[in-house]
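# Examining the three-dimensional arrangement
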Amino acid sequence: MIKNLEIAQILRWTARVWGILSLAFLLFMIGGHIFGDEPQNFNNNREIVSLIFFPGGVLAGLLIGFRSEKWGGIIAAVSMAVFFVMAPNALSTAWFWLIAAPAVWFLAYWFFFGRKIVVNKFPS
């Protein structure tokens, strides 16, 4: 039988490995846009705000998630939610969901295993 500690470690390392893969993919794509031959321009302010949240907020959240699962997961999940509000056509693309999946794993780890329970040492 798998113990809770083993489940916690599997969940945490799944989030971390998947997070590394997502970070690598995002950085590769950003590098391609920065150093690519195509001219980069924004059509409106909505695109700039969307870019701040995805990939900016997701990158920040996944990086923070390695140190603090709670805050990293929250930042990445909120960033994806705002991005989906700003660009609703992205909801149907599976790549966005796969890239943001570590945020869910970080939050699940924190929710089930990461919260510290304070025990009263001096019962009354």
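The structure contained in this document is the topic of the report that follows. (Residues numbered from 1 in each chain as written. Predicted model: local features only at pLDDT ≥ 70, side-chain atom pairs only at ≥ 80, totals over all residues. Heavy atoms only, no water.)

### Section: the overall build of the chain
Selection rule: Strands are runs of DSSP state E lasting at least 2 residues, helices are runs of H or I lasting at least 4, and numbering of each runs from the N terminus. Computation of the radius of gyration draws on C-alpha atoms, with the globule rule given as 2.2 Å multiplied by the number of residues to the power 0.38. For each residue, the accessible area found with a 1.4 Å probe, counting protein chains only, is set against the maximum for its type, and the residue is called buried under 20%, exposed over 50%, and partly exposed in between. All accessible areas in this document rest on Shrake-Rupley with a 1.4 Å probe, and a residue is counted as covered only by the protein chains that are shown.
Each helix and strand in the chain was counted, giving 4 helices and 0 strands. If you list the helices and strands of the chain from N to C, you get α-α-α-α. Compactness check: the chain gives a C-alpha radius of gyration of 18 Å against a globular reference of 14 Å for 124 residues, more than 25% above the reference. The burial tally for the chain puts 29% of its 124 residues in the buried class. Accessible surface for the chain amounts to roughly 8,900 Å². Of this, 71% is attributable to carbon and sulfur atoms.

### Looking at unusual backbone geometry
In this structure, Pro 55 follows Phe 54 across a cis peptide bond, with omega equal to 20°. Secondary-structure assignment places Pro 55 in helix 2 (residues 45–65).

### Structural notes on helix 4 (residues 94–114)
Residues separated by three or four positions in an α-helix point in the same direction, a consequence of the helix having 3.6 residues per turn. The cut-off we apply is this: Every helix has an expected span of 1.5 Å times one less than the residues it contains. To obtain the bend at a residue, axes are fitted to the seven residues ending there and to the seven starting there, and the angle between these axes is taken. Should any heavy atoms of two residues lie within 4.5 Å, those residues are considered in contact.
The end-to-end C-alpha distance of helix 4 is 28 Å, a good match for the 30 Å that 21 residues give at a rise of 1.5 Å each. Along its length, helix 4 shows its largest kink, about 40°, at Ala 100, and proline Pro 102 lies within four residues downstream of that point. Taken as a whole, helix 4 has its buried residues at Phe 96, Ile 99, Ala 100, Ala 101, Pro 102, Ala 103, Phe 106, Ala 108 and Tyr 109. Contacts from the buried residues of helix 4 go to helix 1 (4–35), helix 2 and helix 3 (69–86).

### Here we look at the packing of helix 2 against helix 3
Rules: Angles shown run from 0 to 180 degrees and are taken between the N-to-C directions of axes, each axis being a line fitted to C-alpha atoms and, for helices, limited to the stretch in contact. The cut-offs work like this: below 35 degrees is roughly parallel, past 145 is roughly antiparallel, 65 to 115 is roughly perpendicular, and the gaps in between are oblique. Crossing handedness is read from the near helix: turned anticlockwise from the far helix by less than a right angle, it gives a left-handed crossing, and turned clockwise, a right-handed one. For this scheme, ten residues count as nonpolar: Ala, Val, Leu, Ile, Met, Phe, Trp, Tyr, Cys and Pro. Four count as charged, namely Asp, Glu, Lys and Arg, and the remainder, Gly too, count as polar.
Running from N to C, helix 2 and helix 3 cross one another at 160°; their axes reach a closest spacing of 7 Å. When the axis of helix 2 is compared with that of helix 3, the two are roughly antiparallel. The handedness of the crossing between helix 2 and helix 3 is left-handed. On the side of helix 2, the interface is formed by Arg 46, Val 49, Ser 50, Phe 53, Phe 54, Gly 57, Val 58, Gly 61, Leu 62, Ile 64 and Gly 65, while helix 3 contributes Glu 69, Trp 71, Gly 72, Gly 73, Ile 75, Ala 76, Ser 79, Met 80, Val 82, Phe 83, Val 85 and Met 86. Class assignment for the residues of the contact of helix 2 with helix 3 results in 14 nonpolar, 7 polar and 2 charged.

### With respect to the nonpolar core
Convention followed: To qualify as a nonpolar core, a set must consist of buried Ala, Val, Leu, Ile, Met, Phe, Trp, Tyr and Cys residues joined through side-chain atoms within 4.5 Å.
Grouped together as the largest cluster of nonpolar side chains are 18 residues, with contacts concentrated most on Phe 54, Val 58, Met 80, Phe 83 and Phe 96. At the level of secondary structure, the elements contributing two or more residues to this core comprise helix 1, helix 2, helix 3 and helix 4. The leading source of residues in this core is helix 4, at 5 residues. With residues up to four places along the chain from it excluded, the contact list for Val 58 reads Leu 26, Phe 53, Ala 76, Ser 79, Met 80 and Ile 99.

### As for the packing of aromatic side chains
The condition that has to hold: Any two of the Phe, Tyr and Trp rings considered here, Trp counted by its six-membered ring, make a pair once their centres fall within 6.5 Å; the pair's planes then place it as stacked at under 30 degrees, edge-to-face at over 60, or tilted in between. Geometrically, a charge over a ring is one whose NZ (Lys) or CZ (Arg) sits within 6 Å of the ring centre while staying within 35 degrees of the ring normal.
Under the defined criterion, the tally for this structure stands at 11 aromatic pairs. Both rings, one in Phe 66 and one in Phe 106, keep their centres 6.0 Å apart while their planes meet at 75°; by these two values the pair is edge-to-face. Of this pair, Phe 66 sits in the loop between helix 2 and helix 3 while Phe 106 sits in helix 4; the two residues are 40 residues apart in sequence, bridging distant segments of the chain. Residue class for Phe 66 comes out partly exposed when judged on its relative accessible area of 25%. Taken together, a centroid distance of 5.2 Å and an interplanar angle of 45° make the contact between Phe 83 and Phe 96 tilted. With Phe 83 in helix 3 and Phe 96 in helix 4, this pair connects stretches of sequence that are 13 residues apart. Here the aromatic cluster, defined as three or more aromatic residues joined through ring pairs, consists of Phe 54, Phe 83, Phe 84, Phe 96 and Trp 97. A cation over an aromatic ring shows up here: Arg 16 above the ring of Trp 13, its NZ or CZ 5.0 Å from the ring centre.

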